[in-house]
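A closer look at the structure
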Amino acid sequence: MLTKIYFGLLFLIFSCLVAVGQETYNPFKTFSKAQLLEDADYLAEYLVKAHPAIYWHSSEVEFQQAISKLKESLSEEMTELEFLAEAAKLNSVIKCVHS
């Protein structure tokens, strides 16, 4: 009986420790325009660095224009899903279904 209580308490303590460091995902959390602009810059930089043929279907100028258009489309506050919907429009410039 004492071992059941001991393991029950141990499980309860472990469960509390695991739950403390986790933040629940909130799809309605909004991000500031400054944060979103930083993300857009990072996305552009990462795509140029990591994509093997970023300029295969469009020129560097067209890609930069699409990034500028993305930045202009950002509101003062947007959710992650709203930002992703705008960023997904880059696929029409890159024309790569893997990106």
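That block above? That's the structure.
Okay, so let's go over this structure. (Residues numbered from 1 in each chain as written. Predicted model: local features only at pLDDT ≥ 70, side-chain atom pairs only at ≥ 80, totals over all residues. Heavy atoms only, no water.)

1. Concerning the pattern of salt bridges
One pass over the structure, following the stated rule, counts 2 salt bridges. One salt bridge connects lysine 71 with aspartate 41, and the closest N-O pair in it is separated by 2.4 Å. With lysine 71 in helix H3 (residues 60-73) and aspartate 41 in helix H2 (residues 33-50), the pair connects residues that are 30 residues apart, well separated along the chain. Taking the relative accessible area as the measure of exposure, lysine 71 reaches 27% and is therefore partly exposed. Looking at aspartate 41, the relative accessible area reads 39%, which means it is partly exposed. Note that lysine 89 and glutamate 86 form a salt bridge whose closest N and O atoms lie 3.2 Å from each other. Under the relative-accessibility criterion, lysine 89 is labelled exposed at 51%. (Salt bridge = Lys/Arg side-chain N within 4 Å of Asp/Glu carboxyl O. Helix = DSSP H or I, 4+ residues; strand = E, 2+ residues; numbered from the N terminus. Buried < 20%, exposed > 50% of the residue type's maximum accessible area, 1.4 Å probe, protein only.)

2. Concerning the environment of leucine 36
Here leucine 36 shows up in helix H2. Between the alpha carbons of leucine 36 and glutamate 80 there is a distance of 9.0 Å; along the sequence they are 44 residues apart. The residues contacting leucine 36, other than those within four sequence positions of it, are Phe31, Leu74, Ser75, Met78 and Phe83. (Contact = heavy atoms within 4.5 Å.)

3. Brief notes about H2
Given a rise of 1.5 Å per residue, 18 residues ought to cover 26 Å, and the 25 Å separating the end C-alpha atoms of H2 matches this to within 8%. Of the positions making up H2, those classed as buried are Leu36, Ala40, Ala44 and Leu47. Seen along its axis, H2 keeps its buried residues to an arc of 80°; they face one direction. Exposed side chains of H2 directed beyond 90 degrees from the buried face belong to Ala34, Glu38, Tyr42 and Lys49. Those residues of H2 hidden inside the fold are in contact with strand E1 (30-32), H3, strand E2 (77-79), helix H4 (80-87) and helix H5 (91-94). (Expected span 1.5 Å × (residues − 1). Arc of directions from axis to C-beta.)

4. Brief notes about the packing of H2 against H3
Interhelical geometry of H2 versus H3 gives an angle of 165° and a closest axis separation of 10 Å. Comparing the axis directions of H2 and H3 gives the class roughly antiparallel. Considering how the two elements wind past one another, H2 and H3 form a crossing that is right-handed. Contacts between H2 and H3 involve Lys33, Leu37, Ala40, Asp41, Ala44, Leu47 and Val48 from the first element and Phe63, Ile67, Leu70 and Lys71 from the second. (Axes fitted to C-alpha atoms, helices over the stretch in contact; angles between N-to-C directions. Parallel < 35°, antiparallel > 145°, perpendicular 65-115°, else oblique. Left-handed = near helix turned anticlockwise from the far one by under 90°.)

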